[in-house]
Amino acid sequence: MIITDAEYVSSAVDLKGCPKPHLPEYAFIGRSNVGKSSLINMLVNKKGLAKTSATPGKTRAINHFVINPKSKAWYLVDLPGYGYAKISKDVRKLWEGFIRSYLRNRENLMCIFVLIDARHEAQKIDLEFMRNLGKMGLPLAIVFTKCDKLSEGQLERAMAAYANKLSEDWNELPPLFYTSAETRMGREELLQYIDDANKLFQA
Ligand code: GTP
Ligand code: MG
């Protein structure tokens, strides 16, 4: 898929505030600071489209972007990171509530890309989050981020260990992608996956 244009659409704090669900939609989620916004900007070739920062917790709403608005358009969504320690319990509850409601009820959602920092061992919070998506019957794929920080050998070992851990929960593993916002690794594979899924969308 060639990306010709990407535009910010809106930021919502609930399902009602989201744009009309007439386009196929892909959500990006993961722990705070995992590299969601960086990955989105790399995918769509637009630095600064999704705001990135070294301080976790920057993304605070359901942010919609429309990709290729003039032909075969689709929505890309940047969601707040989960598991961010430095916010109050009340704020966290509120976020978790609206994210869950969005994921469960958004009818045009084609895939939830769960981002995992390739450098870290499997974390309970991520495994649990994915398990819940599976229980709700929601389509997910795993995107390993920051792969440039590991050597080829390290990456291979880390990914084998992760897949091993996942197989405790999953009979069949979800699709796995290996990416880097720095080197643009994995970009073509992700866009191809989205392109294929777009063809299955029925408005
Ligand atoms: P929140 O919205 O705050 O939850 O963060 P986020 O998940 O959107 O992460 P963001 O894209 O803002 O990136 C967090 C930090 O990781 C920044 O300092 C990025 O420069 C860095 N980073 C993101 N992706 C990569 C990558 O592929 N490689 C490397 N080396 N650094 C990355
Ligand atoms: Mg972000």
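Look a little higher up for the structure.
Predicted model only: the values in this text are computed from it and were never measured. (Residues numbered from 1 in each chain as written. Chains lettered and ligands numbered in written order. Predicted model: local features only at pLDDT ≥ 70, side-chain atom pairs only at ≥ 80, totals over all residues. Heavy atoms only, no water.)

A separate point is the overall build of the protein chain. When you go through the protein chain residue by residue, the secondary structure sums to five helices and seven strands. For the protein chain, the N- to C-terminal ordering of α and β elements is β-β-α-β-β-α-β-α-β-α-β-α. Across its three principal directions, the C-alpha atoms of the protein chain cover 40 × 40 × 35 Å. Considering the protein chain as a whole, with its 203 residues, one finds that 48% of them fall into the buried category. As displayed, the protein chain has an accessible area near 10800 Å², and 49% of this comes from carbon and sulfur atoms. Once the 29 positive and 23 negative side-chain charges of the protein chain are each reduced to a mean point, those two points are 7 Å apart. (Helix = DSSP H or I, 4+ residues; strand = E, 2+ residues; numbered from the N terminus. Buried < 20%, exposed > 50% of the residue type's maximum accessible area, 1.4 Å probe, protein only. Areas by Shrake-Rupley, 256 points an atom, 1.4 Å probe, with all protein chains shown as cover. Lys, Arg positive; Asp, Glu negative; His and termini not counted. Charge placed at Lys NZ, Arg CZ, Asp CG, Glu CD.)

This part covers the pairing of strand β2 (residues 25–30). Most of β2 is tucked away, with six of its six residues classed as buried. Side chains E25, A27 and I29 of β2 all project onto a buried face; the interleaved residues Y26, F28 and G30 project onto the opposite face, where all are buried too. With four bridges joining them, β2 and strand β4 (residues 74–78) adopt parallel strand pairing. Looking across to β4, one finds that F28 is bridged to D78. (Pairing = 2+ DSSP bridges.)

Taking 1.5 Å per residue as the helical rise, helix α3 (residues 124–135) with its 12 residues ought to reach 16 Å, and the 16 Å between its terminal C-alpha atoms agrees with that figure. Once α3 ends, the next one or two residues include G137, with phi positive near 75 degrees. (Expected span 1.5 Å × (residues − 1).)

What follows is about the nonpolar core. By size, the foremost hydrophobic cluster in this structure holds 33 residues, and its most contacted members are L79, Y102, L103, V114 and M130. Residue assignment for this core shows that the elements contributing at least two residues are β2, α2 (89–105), β5 (109–117), α3, β6 (140–145) and α4 (152–166). It is α2 that provides the largest number of residues to this core, a total of five residues. Dropping the residues within four chain positions of it, V114 is found in contact with I29, Y82, F129, M130, L133, L140, A141, I142 and V143. Listed in part, the 26 residues of the second largest apolar core include F28, C111, V143 and L190. (Core = buried A, V, L, I, M, F, W, Y, C linked by side-chain atoms within 4.5 Å. Contact = heavy atoms within 4.5 Å.)

The element strand β3 (residues 62–67) is largely enclosed, with a buried count of six among its six residues. Covered by surrounding structure in β3 are I62, H64 and V66 together with N63, F65 and I67, the residues of both alternating faces. Pairing between strand β1 (residues 6–12) and β3: six bridges, direction antiparallel. The residue of β3 that forms the bridge with E7 is V66.

Attention now goes to the packing of α3 against α4. The geometry of α3 relative to α4 is characterised by a closest axis approach of 12 Å and an angle of 50 degrees between their N-to-C directions. In terms of their interaxial angle, α3 and α4 are classed as oblique. Every pair of crossing elements has a handedness; the one defined by α3 and α4 is right-handed. Across the interface between the two elements, D126, L127 and M130 of α3 pack against Y162, K165 and L166 of α4. Classifying every residue of the contact of α3 with α4 by side-chain character gives four nonpolar, no polar and two charged. (Axes fitted to C-alpha atoms, helices over the stretch in contact; angles between N-to-C directions. Parallel < 35°, antiparallel > 145°, perpendicular 65-115°, else oblique. Left-handed = near helix turned anticlockwise from the far one by under 90°. Nonpolar A, V, L, I, M, F, W, Y, C, P; charged D, E, K, R; others polar.)

The next thing to look at is the side chain of N63. Tracing the backbone through its elements, the reader meets N63 in strand β3. Discounting residues that sit within four places of it in the chain, N63 has contacts with S10, S11, L76, V77 and D78.

Looking now at the pattern of salt bridges. Between side chains of opposite charge, a pair can form as their charged atoms come close. Scanning the entire structure with this criterion turns up seven salt bridges. Note that R119 is salt-bridged to D117, the shortest N-O span being 2.8 Å. On the accessibility criterion, R119 (35% relative accessible area) is partly exposed. In this structure D117 comes out as buried when scored by relative accessible area, which is 9%. Between E188 and R187 there is a salt bridge, with its nearest N and O atoms 3.5 Å apart. We classify R187 as buried; its relative accessible area is 10%. (Salt bridge = Lys/Arg side-chain N within 4 Å of Asp/Glu carboxyl O.)

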